[in-house]
Amino acid sequence: MSVSVDPGVERESPRAGTPPLAGRRHPARWVAGAVALAVVGAAVASLAQNRAMSWPVVASYVLSGQILSGLWLTIWLTAVVTALGFLGGILVAAMRLSANPVLQWIGWAYVWFFRSVPVLVQLLFWFNIGYLYPSLSSAISAMTAAVLGLTLHEAALAGEIVRGGILAVDPGQLEAGTALGLSKIRIFRRVVLPQAMRSIVPAAGNLLIGTLKGTSMVSVIAVSDLLYSAQFIYNRTYEIVPLLAVATLWYLIVTSVLSVAQYYIERYFARGARRALPPTPWQRLRALVRRHP
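Computed from a predicted structure; not experimentally measured.

1. Considerations on the UniProt feature "transmembrane region" (unreviewed entry) in the protein
The feature "transmembrane region" (unreviewed entry), as given by UniProt, occupies residues 30-49, 69-93, 105-125, 207-228 and 240-265 in the numbering adopted here. For residues 105-125, the end-to-end C-alpha separation is 25 Å, with 90% helix and 0% strand making up the annotated structure. For residues 240-265, the end-to-end C-alpha separation is 38 Å, with 100% helix and 0% strand making up the annotated structure.

2. A short note on the layout of surface pockets
Gaps left between atoms are located by rolling a probe of water-molecule size over the structure's atoms. Roughly 640 Å³ of internal volume is contained in the largest pocket. Looking at the largest pocket, it is lined by 23 residues, and the ones nearest its centre are L97, I166, L174, F188 and V192. Within the residue set of the lining of the largest pocket, elements represented by two or more residues are α3 (65-96), α6 (142-167), α7 (171-179) and α8 (184-214). Considering every element that reaches the lining of the largest pocket, the biggest residue donor is α8, with nine residues. Partitioned by chemical class, the residues of the lining of the largest pocket number 19 nonpolar, two polar and two charged.

3. So, the side chain of Q122
Topologically, Q122 is positioned in helix α5 (residues 119-127). Beyond its immediate chain neighbours, meaning those up to four positions away, Q122 contacts F114, V117, G149, L152 and H153.

Cut-offs used in this document
- Residues numbered from 1 in each chain as written.
- Predicted model: local features only at pLDDT ≥ 70, side-chain atom pairs only at ≥ 80, totals over all residues.
- Heavy atoms only, no water.
- UniProt positions renumbered as here; feature names shortened; annotations may be inferred.
- Helix = DSSP H or I, 4+ residues; strand = E, 2+ residues; numbered from the N terminus.
- 1 Å grid on protein atoms, 1.4 Å probe; cavity = no way out; pocket = protein on both sides within 12 Å on 5 of 7 lines; lining within 4 Å.
- Points joined across faces, edges and corners; volume = space filled by probe spheres on them.
- Nonpolar A, V, L, I, M, F, W, Y, C, P; charged D, E, K, R; others polar.
- Contact = heavy atoms within 4.5 Å.

The following block contains the structure:
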């Protein structure tokens, strides 16, 4: 039988010393978790015990100079492309949100074109731009083609992320800022941007990780990134799978670091939106240990 509560009357807090209600037990969840853990464990054990993986070879190359040089180039390329891409994305978002129909159309056309053409095609186009303009053949190196191709694609995606974040802010916030006599720049900096970042940061983090993995495509134009370095070594030693495992291991490490940074940045911008911030992984682990001593 349901009991109606007068909205004007506050609920009484539970009496001190009252034990909390016991939740329902869900044995199926534990069974499903155990099965999933067993499958993952079997897969890991299979890889660990497979002699064809040649783990000593993996260990000997994981910190080799050529691999670390390729890793550094991958990280550098990711940072440069992300920075330039978001600068371009802010410009594209401003054009799409502009009241000028010409700028709106140009912004839309830019996003439509660079989101439609695969990144690999763009890289190959810029690498072979000398075919159309011979005077640029000496100016557009493989690295320049990589930065251009990845940045132009990144700017189109970043522009939509920034535009979506700004549109997610309640228009009433702008009206309130205007009523308080704040300038447009201050409204954007103190009112719009902090709220827009709650929507921008998760998507931007995913885009950053996608960019890190997307840099592997520059290996097709002979840019010595992490994958190209691994390919260069296994073309000489014929240890294909172990060298691919080395590249995979470094991609996993860097992606994990970026994921942790993204989590804490999201947590930072969640302030004010929630009364209590979401717990950190360490706090969740301590709570789990206390719950199941």
